[in-house]
Amino acid sequence: MNDKQIEDVLIILEKTYPNAECELEFNSSFELLVATILSAQATDKKVNEVTTQLFKKYNCPEDFLALNQAELENEIKVIGLYRNKAKNILAMCHELLQKHDGKVPSTMEELTALPGVGRKTANVVLSNAFNEPAIAVDTHVFRVSNRIGLAKASNVLSTEKELMDNIPKEKW
């Protein structure tokens, strides 16, 4: 796509989704981090159903670390991949306390060093918790971006880089 075509697509997207925002419900960067980890291969709707109850009982790393893995699995078992997600959330909480004084870091490098946190999760947290320009590329963004021509890449990382090149930073 040339610059004019990209601009036209962005205009259409802005008109179609004028108030696009993160659909995960959260009250802190920590809650967003946990919700985003839970959202892998799950719907935001299902994650919100689970986290509405979960965050009433556990909303900081110390709260989660009071649980063992089986207890956390039981809390999130209606979400796919719950065993691995529970393991990663507990390990992530441990790292937050050990290396970050219990606070969610605000850089890509520090976020992606946490267990269970890849670039997509880090980008969601950076953009929605810290208001940093970022583009979160999941399988849906990857597929649609490449299908409509905003990117021409074979994987999510290349798609993210091409979208960053093709879309003005203020629109990320």
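Relevant structure appears above.
Anyway, here's the lowdown on the structure attached to this text.

Each value, and the rule that gives it
- The written sequence of each chain sets the order in which its residues are numbered from 1.
- Only residues with pLDDT of 70 or above have their local features reported here, since the model is predicted, and side-chain atom pairs are shown and tallied only from 80 upward, although totals for entire chains, interfaces and linings are computed over all residues.
- Derived side-chain values reflect all non-hydrogen atoms in the structure, with water molecules and hydrogen atoms excluded from consideration.
- Helix and strand definitions here come from DSSP, where helices need a minimum of 4 consecutive H or I residues and strands a minimum of 2 consecutive E residues; each element is numbered from the N-terminal end.
- For the radius of gyration, the atoms used are the C-alpha atoms, and the globule rule reads 2.2 Å times the number of residues raised to 0.38.
- Only protein chains enter the calculation, and the probe is 1.4 Å; a residue is then buried if its accessible area is under 20% of its type maximum, exposed if over 50%, and partly exposed in between.
- Note on contacts: a residue pair qualifies if any of its non-hydrogen atoms lie within 4.5 Å across the two residues.
- Counted as positive: Lys and Arg. Counted as negative: Asp and Glu, with His and the chain ends omitted from the count.
- Taken as the charge centre is NZ of Lys, CZ of Arg, CG of Asp or CD of Glu, depending on the residue.
- One speaks of a salt bridge when a side-chain nitrogen belonging to Lys or Arg is within 4 Å of a carboxyl oxygen belonging to Asp or Glu.
- To define a nonpolar core, start from buried Ala, Val, Leu, Ile, Met, Phe, Trp, Tyr and Cys residues and group those joined through side-chain atoms within 4.5 Å.
- Here a helix's expected span is defined as the number of its residues, less one, multiplied by 1.5 Å.
- The reported arc concerns the directions from the helix axis to the C-beta atoms and nothing else.

## As for the overall build of the chain
(1) Moving on: Each helix and strand in the chain was counted, giving ten helices and zero strands.
(2) Moving on: The N-to-C order of helical and strand elements in the chain reads α-α-α-α-α-α-α-α-α-α.
(3) Moving on: The globule rule puts the C-alpha radius of gyration for 172 residues at 16 Å, and the 17 Å found for the chain is close to it.
(4) Moving on: Taking the principal axes of its C-alpha atoms as reference, the chain extends roughly 55 × 30 × 30 Å.
(5) Moving on: Within the chain, buried positions represent 36% of all 172 residues.
(6) Moving on: Considering only contacts in the chain between residues 6 or more positions apart, those separated by 24 or more positions represent 48%.
(7) Moving on: Treating the 20 positive side-chain charges of the chain as one cloud and the 25 negative ones as another, the clouds have centres 6 Å apart.

## Description of the side chain of K85
(1) Moving on: Inspection of the secondary structure puts K85 in helix α6 (residues 82-100).
(2) Moving on: Of the buried charged residues, K85 lacks a salt bridge, with D44 as the closest side chain of opposite charge at 9.6 Å.
(3) Moving on: If sequence neighbours within four positions are ignored, K85 has contacts with I37, L38, S39, A40, A42, I76, I79 and G80.

## Overview of the nonpolar core
(1) Moving on: The biggest cluster of nonpolar side chains holds 33 residues, and the ones touching the most others in it are L33, F64, L72, I89 and M92.
(2) Moving on: Every element with two or more residues in this core is listed here: α2 (29-38), α3 (44-57), α5 (69-76), α6, α7 (108-112) and α8 (119-129).
(3) Moving on: Per element, the largest residue contribution to this core is seven residues, and it comes from α2.
(4) Moving on: The contacts of I89, once residues within four sequence positions are left out, are V34, I37, L38, F64 and L72.
(5) Moving on: Grouped together as the second largest cluster of nonpolar side chains are nine residues, I135, V137, L150 and L163 included.

## Considering helix α1 (residues 3-16)
(1) Moving on: End to end, α1 covers 20 Å across 14 residues, agreeing with the expected 20 Å (1.5 Å per residue, within 8%).
(2) Moving on: Of the residues making up α1, those classed as buried are I6, V9 and L10. Along the long axis of α1, the arc covered by the buried residues comes to 100 degrees, so they all point the same way. Within α1, the exposed residues directed more than 90 degrees away from the buried face are K4, I12 and K15.
(3) Moving on: Lining the buried residues of α1 we find α9 (139-148) and α10 (156-166).

Bear in mind that shape data such as this cannot, by itself, settle questions of function.
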